[in-house]
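Residue strings, one per chain:
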Amino acid sequence: MPVFPQIPDANVETEVIKVNPLAPDEAVISRAAELIRGGELVAFPTETVYGLGANALDSAAVQKIFEAKGRPATNPLIVHVSDSESARQIVADWPESAQKLADLFWPGPLTLVLPKTKEIPKNVTAGGSTIAVRVPNHAIAQALLKAAGVPIAAPSANRSTRLSPTRAEHVLKSLAGRIPLILDGGPTKSGVESTVLDLTDKGPRILRPGPITFTDMEPHLDYLEYAPVQIPRGLLPSPGMMRRHYAPNTRLELASSDAASWVKELLDQGNRVGWLAWPEEARLENPDLRVIEMPTVAESYGAQLYDALHRLDEGLDVIIVSLPPEDDAWRAVRNRLTRAAFRGWLDK
Ligand code: TXA
Ligand code: MG
């Protein structure tokens, strides 16, 4: 089981600054960039979720990320850069497949895992020889990268294993008092974290499904597979594949069919219940029930998922989720939901 570091007491004033996500204010960006260059942490929006950024070339700054999140040192970070040229400077090998995918999907929610160069501090990659790199498709993230002039290591801006943030309020909820600045660019667009693709000799294989799907990439590669999910602890191909992850504090259960009966049963037992339901299901009326009707299109569902779970993660005993179909388009959403529902070793 990974070691989750103790999160220190809140002792910093966290400032939240609203930034136009289409035309970020230069003065605000340059202040944020100065904090990054000075070894501090800044939370900022990307097209997927909010990231908690630090200068990826400064190991002391990177260390602060692990502390603020209570993240195990064994879980490596994604390094964000402004373009594929900058990506090439931090990887030791840039295969043709990387160039092809970068041309097709960058800037965008695709993270490539490649051999790293020596300049990257060890804690960024959790001591490993590979680095995860991506070019975010968001004007604030791009402006910050350009102004800072350094690659930015940024995991999702939440406490380790918990719900990812798709709004500045979500970041504030979990990291207030622990970081100096949050750039509030409003809700993020895609809402599900980037696809992580291993392009080392072991790949190409998908380590984490995300907005760029198997179907999107497969025609452009000689070969593509999913890394196995059910494997013994300690042998995970991506440490972030820890089974329980992306989880609300409230117990979460997946209903593969007839969620309504389950919800009713839980209510009858005296539980306060939250329910992520399909439009045709949301009928029950009960003061102890909070229903959020979810979209039937995977991309829209993904965009709303974390916000819906954040909203239900207060004052309820259990959250029931009507499980989306088993289909490539739904793969990323199902992956996050399955892991959010998993109650294994973390609850011991
Ligand atoms: O959309 C995203 O990817 C967001 C935004 C902020 O960019 N970031 C994000 O980071 O989700 P994080 O740290 O929450 O997830 C990073 C994932 C983890 O599953 C981690 O284990 C995996 O990427 N990862 C990072 N470096 C890796 C490496 N060298 N080899 C394999 N997996 C790696
Ligand atoms: Mg995360």
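Conventions and cut-offs
Residues numbered from 1 in each chain as written. Chains lettered and ligands numbered in written order. Predicted model: local features only at pLDDT ≥ 70, side-chain atom pairs only at ≥ 80, totals over all residues. Heavy atoms only, no water. Axes fitted to C-alpha atoms, helices over the stretch in contact; angles between N-to-C directions. Helix = DSSP H or I, 4+ residues; strand = E, 2+ residues; numbered from the N terminus. Parallel < 35°, antiparallel > 145°, perpendicular 65-115°, else oblique. Left-handed = near helix turned anticlockwise from the far one by under 90°. Contact = heavy atoms within 4.5 Å. Salt bridge = Lys/Arg side-chain N within 4 Å of Asp/Glu carboxyl O. Buried < 20%, exposed > 50% of the residue type's maximum accessible area, 1.4 Å probe, protein only. Pairing = 2+ DSSP bridges.

A.B. asks: Would you mind showing me how to read the packing of helix H9 (residues 298-312) against helix H10 (residues 331-341) here?
C.D. replies: In a pair of packed helices, the angle between the axes and the distance between the axes together describe the arrangement. At their nearest, the axes of H9 and H10 sit 9 Å apart, and the two run at 30° to each other. In terms of orientation, H9 lies roughly parallel with respect to H10. The handedness of the crossing between H9 and H10 comes out as left-handed. Residue-level inspection shows Ala298, Tyr301, Gly302, Leu305 and Tyr306 of H9 in contact with H10, the latter providing Val333, Arg336 and Leu337.

A.B. asks: What is the right way to look at the pattern of salt bridges in this model?
C.D. replies: Pairing is possible between side chains of opposite charge, provided their charged atoms come close. Taken as a whole and assessed by the stated rule, the structure comprises 12 salt bridges. The salt bridge partner of Asp268 is Lys264, with a shortest N-O separation of 3.1 Å. One end of the pair, Asp268, and the other, Lys264, are both in helix H8 (residues 259-268), 4 residues apart, so they sit about a helical turn from each other. On the basis of relative accessible area, Asp268 is assigned to the exposed category, the value being 58%. Judged by relative accessible area, which is 45%, Lys264 ranks as partly exposed. Where Glu326 meets Arg334, a salt bridge forms, and the shortest distance between an N and an O atom there is 3.8 Å.

A.B. asks: Hey, could you run me through the sheet that holds strand S13 (residues 273-277) in this one?
C.D. replies: Strand order in the open sheet formed by 4 strands is S12-S15-S13-S14, with parallel pairing between adjacent strands. Whereas interior strands pair on both sides, the edge strands pair on one side only; in this sheet they are strand S12 (251-255) and strand S14 (289-293). Going from strand to strand, the sheet's axes swing by 20° on average, the running direction of each strand aside. With 5 bridges joining them, S13 and S14 adopt parallel strand pairing. Within S14, the position partnered with Leu276 by the bridge is Ile292. Together, S12, S13, S14 and strand S15 (318-322) form the strand contacts of H9, whose direction differs from that of S13 by roughly 175°. Together, S12 and S15 form the strand contacts of H10, whose direction differs from that of S12 by roughly 130°.

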